[in-house]
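One-letter residues, chain by chain:
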Number of protein chains: 2
Amino acid sequence: MRKEKISSAVIRRLPRYYRFVDNLYYDGVTRISSQALGKALGFTASQIRQDLSRFGEFGQQGYGYSVEKLRNEIAGILGMYRGHKCIIVGAGNLGRALIRNFTFDKYGFTLVAAFDLDPEVLGTEIQGVPVYHVGELEEWVTRIRPDVAVLTTPRSVASRTANRLVAAGVQGIWNFTNIELKLDHPEKVVVENVHFADSLLSLSYYIAEDERPDPRAPEDKD
Amino acid sequence: MRKEKISSAVIRRLPRYYRFVDNLYYDGVTRISSQALGKALGFTASQIRQDLSRFGEFGQQGYGYSVEKLRNEIAGILGMYRGHKCIIVGAGNLGRALIRNFTFDKYGFTLVAAFDLDPEVLGTEIQGVPVYHVGELEEWVTRIRPDVAVLTTPRSVASRTANRLVAAGVQGIWNFTNIELKLDHPEKVVVENVHFADSLLSLSYYIAEDERPDPRAPEDKD
């Protein structure tokens with residue numbers, strides 16, 4: 001399916017394509033042109049065609065894309081059918097908010113366990129997810145073999161916890177701690193940092209300038 | 001200071017510049033070249049020079065940029081010295097996590113009030129932030145005049161709450177509800193959606209492909 005090494009920029013755009021096309025799918029839309037897709041997402045039609053052509057031929061000249069096919073293909077490319085398992089380390093407010101409200105399964109992830117220190121939550125289940133002691137992390141990781149760990153610990157223990165996770169074999173860390181993790185073996189893991197502040201600062205700019213973001217370029221068009 | 005209309009793409013990159021330069025500043029670094037800045041951020045030196053030149057002349061040929069000056073100029077451009085006020089609507093797990101852990105003041109925002117329905121939290125303070133009844137939203141917005149509202153309500157009431165906020169005069173909405181808000185007057189407000197899932201899906205891709213993101217292009221380089 002993949003013809004060439006895909007740039008990070010394209011990978012970054014795919015989740016947005018997915019989000020949009022998934023909504024169309026659930027709204028009952030069956031076909032969409034690259035023009036309409038581009039207009040909605042703030043890219044040119046040729047950019048869209050170029051992005052999607054890297055993964056194979058989805059479209060049909062003059063007929064646009066099948067929404068269902070596009071949705072399923074993008075989901076496949078993004079690894080959403082691989083049955084990824086994840087754990088969450090840190091069941092404080094943010095961890096609990098994610099467990100309760102984030103639809104992991106919608107994105108192909110099964111959340112199998114949470115870890116914390118707080119005696120109040122240990123041994124309980126949050127939304128059906130069991131909470132274990134963080135001291136047993138390595139043991140559980142060896143047993144469960146999660147692909148990804150969601151990191152929602154306090155900052156002070158974030159890097160140490162991340163290194164334990166990598167040593168135990170976790171392949172990906174979804175980092176919500178707002179710090180740059182100091183990893184012993186950065187080559188062994190993929191880290192995705194969630195930077196809340198970036199979007200707040202963009203908002204801050206647009207308000208200060210009393211300007212509106214260009215609606216044709218909602219996120220990253222140049 | 002501004003010479004031309006700045007594209008959304010540049011505005012999106014500025015918070016990342018800021019984050020990086022702010023860290024340098026606190027690490028005691030005084031000067032940085034556009035090459036080094038580019039390398040760290042995954043852009044070319046000429047891209048960096050081009051981005052920053054839109055806001056005036058920061059650099060000095062052959063001497064690089066003054067870290068402190070760059071940091072403060074970017075902060076200024078992003079509106080961080082404007083004394084923005086914000087409120088948070090929805091003091092559930094996510095709302096509480098943001099109140100307790102997100103350093104609003106670091107980004108030039110003062111969080112002045114929270115709103116909820118839960119009798120358990122009404123009338124209390126979370127980290128010094130008073131929690132009022134969401135029924136009194138308009139009254140407080142008129143009194144406090146917040147620039148931004150952080151939206152952490154349940155999804156079912158997200159659009160309705162957003163419309164109330166806009167009608168009451170809020171200029172910006174930082175939307176954590178994971179839904180596309182249906183606004184009566186989209187032209188009256190800037191909305192920044194926080195899409196957690198996008199970075200999880202990138203992570204999912206890289207794990208599925210057993211690939212690492214190109215370290216020279218960590219976020220959006222083409």
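Computed from a prediction, not measured in an experiment: that's the story for all the values here.

Undergrad: Give a description of the side chain of A:Thr153 that names residues and reports values.
TA: All names here are of chain A. Along the polypeptide, Thr 153 turns up in the loop between β7 (148-151) and α7 (158-168). Thr 153 sits in the buried class, given a relative accessible area of 12%. Aside from chain neighbours lying at most four places away, what touches Thr 153 is Val 89, Gly 90, Ala 158, Thr 161 and Thr 177.

Undergrad: Break down the interface of chain B and chain A for me, with residues and values.
TA: Bring the parts together and some accessible area is lost; that lost area is often taken as the interface size. Between chain B and chain A, the contact holds 72 residues from the first and 71 residues from the second. There are two salt bridges connecting chain B and chain A. The interface formed by chain B and chain A contains 14 residue pairs in polar contact (both at pLDDT 80 or more). Those elements that provide at least two residues to the side of chain B that touches chain A are α1 (8-26), α5 (93-101), β8 (172-175), β9 (190-193) and α8 (196-208) of chain B. Per element, the largest residue contribution to the side of chain B that touches chain A is 13 residues, and it comes from α8(B). Split into classes, the residues belonging to the side of chain B that touches chain A amount to 34 nonpolar, 14 polar and 24 charged.

Undergrad: Account for the packing of aromatic side chains, naming residues and giving values.
TA: Counting across every chain of the model gives 27 aromatic pairs over all chains. On the numbers, 5.2 Å between centres and 80° between planes, the contact of A:Tyr205 with A:Tyr206 is edge-to-face. Overall, A:Tyr206 belongs to the buried group, its relative accessible area being 1%. For the pair B:Phe104 and B:Trp174, a centre-to-centre distance of 6.4 Å together with 85° between the ring planes defines the contact as edge-to-face. Note that B:Phe104 is positioned in the loop between α5 and β4 (109-116) and B:Trp174 in strand β8, a separation of 70 residues in sequence. Each member of the pair, B:Phe104 together with B:Trp174, is buried. Through successive ring pairs, a cluster of aromatic residues spans A:Phe102, A:Phe104, A:Tyr107, A:Trp174, A:Phe176, A:Phe196, B:Phe102, B:Phe104, B:Tyr107, B:Trp174, B:Phe176 and B:Phe196.

Undergrad: A description of the relation of the copies chain B and chain A should follow, citing residues and the corresponding values.
TA: Structural alignment of chain B on chain A gives an RMSD of 0.0 Å, achieved by rotating through 180° and translating 0.0 Å along the axis. When the rotation and shift are considered jointly, the pair of chain copies conforms to a two-fold rotation axis. Distance from the rotation axis, computed per C-alpha, reaches its smallest value in chain B at B:Asn93: 2.5 Å. When you check the interface residues of chain B against chain A, 99% turn up at the interface there too, and the contact is symmetric in its surfaces.

Undergrad: Mind laying out the pairing of strand β3 (residues 84-89) of chain A, listing which residues take part and the relevant values?
TA: All names here are of chain A. Counting buried residues in β3 gives five out of six residues, a clear majority hidden from the surface. Two elements, β3 and strand β4 (residues 109-116), share six bridges in a ladder whose sense is parallel. From the neighbouring strand, Lys 85 faces β4, where its bridge partner is Thr 110. Considered for its hand, the β-α-β crossover made up of β3, helix α5 (residues 93-101) and β4 is right-handed. Direction of pairing for β3 relative to β7: parallel, over a ladder of four bridges. Note that in β7 the partner of Val 89 across the bridge is Leu 151.

Undergrad: How would you summarise the packing of α5(A) against α5(B) if you had to cite specific residues and measurements?
TA: It is at 8 Å that the axes of α5(A) and α5(B) come closest, and there the two elements cross at 155°. If you check the angle between α5(A) and α5(B), you find them roughly antiparallel. For the crossing formed where α5(A) meets α5(B), the hand is left-handed. Where α5(A) approaches α5(B), its residues A:Asn93, A:Leu94, A:Arg96, A:Ala97 and A:Arg100 are matched on the opposing element by B:Asn93, B:Leu94, B:Arg96, B:Ala97 and B:Arg100. Each residue belonging to the contact of α5(A) with α5(B) can be placed in one class, and the counts come to four nonpolar, two polar and four charged.

Undergrad: Which residues make up the pairing of β9(B), and what are the values?
TA: Consecutive residues of a regular strand have side chains that alternate between opposite faces of the sheet. All names here are of chain B. Burial along β9 is one-sided: Val 190 and Glu 192 are buried, while Val 191 and Asn 193, pointing the other way, are not. The sheet contact formed by β8 and β9 spans four bridges and is parallel. Directly across from Asn 175, in β9, lies its bridge partner Asn 193.

Undergrad: Just give me the short version of unusual backbone geometry, but keep the residues and values in it.
TA: For A:Asn178, which is not glycine, the phi dihedral falls at a positive 65°. Inspection of the secondary structure assignment puts A:Asn178 in the loop between β8 (172-175) and β9 (190-193).

Undergrad: How would you sum up helix α1 (residues 8-26) of chain A? Please name residues and give values.
TA: All names here are of chain A. For α1, which comprises 19 residues, the first-to-last C-alpha distance of 28 Å matches the rise-based estimate of 27 Å (1.5 Å per residue) to within 8%. A large share of α1 lies buried, amounting to 15 of its 19 residues. At the exit of α1 stands Gly 28, carrying a positive phi of roughly 85°.

Undergrad: Can you lay out the side chain of B:Ser199 for me, pointing to particular residues and giving the numbers?
TA: Along the polypeptide, B:Ser199 turns up in helix α8. Overall, B:Ser199 belongs to the buried group, its relative accessible area being 12%. The residues touching B:Ser199, leaving out its near neighbours within four places in the chain, are A:Trp174, A:Glu192 and A:Val194.

Undergrad: I'd like to hear about the sheet that holds β8(B), residue by residue, with values.
TA: Read from one edge to the other, the open sheet built from seven strands follows the order β5-β6-β4-β3-β7-β8-β9 (chain B), with strand pairing classed as mixed. Edge positions in the sheet fall to β5 (125-126) and β9 of chain B, since each has one partner strand and no second.

Undergrad: Before we move on, can you summarise the sheet that holds strand β5 (residues 125-126) of chain A with the specific residues and values?
TA: Residue and element names in this part refer to chain A. The strand order across the open sheet built from seven strands is β5-β6-β4-β3-β7-β8-β9, with neighbouring strands paired in mixed fashion. Across the chains shown, the open sheet's two edge strands, defined by having one partner strand only, are β5 and β9. α7 rests against β3, β7 and β8 of the sheet, and its axis sits at about 170° to β7.

Cut-offs and rules
- Residues numbered from 1 in each chain as written.
- Chains lettered and ligands numbered in written order.
- Predicted model: local features only at pLDDT ≥ 70, side-chain atom pairs only at ≥ 80, totals over all residues.
- Heavy atoms only, no water.
- Helix = DSSP H or I, 4+ residues; strand = E, 2+ residues; numbered from the N terminus.
- Buried < 20%, exposed > 50% of the residue type's maximum accessible area, 1.4 Å probe, protein only.
- Contact = heavy atoms within 4.5 Å.
- Salt bridge = Lys/Arg side-chain N within 4 Å of Asp/Glu carboxyl O.
- Polar contact = N/O pair within 3.5 Å; in protein donor to acceptor, adjacent residues only side chain to side chain.
- Nonpolar A, V, L, I, M, F, W, Y, C, P; charged D, E, K, R; others polar.
- Phe/Tyr/Trp six-rings, centres within 6.5 Å; stacked < 30°, edge-to-face > 60°.
- Least-squares fit on C-alpha atoms with pLDDT ≥ 70 in both.
- Pairing = 2+ DSSP bridges.
- Right-handed = clockwise from strand over helix to strand, strands pointing away.
- Axes fitted to C-alpha atoms, helices over the stretch in contact; angles between N-to-C directions.
- Parallel < 35°, antiparallel > 145°, perpendicular 65-115°, else oblique.
- Left-handed = near helix turned anticlockwise from the far one by under 90°.
- Expected span 1.5 Å × (residues − 1).

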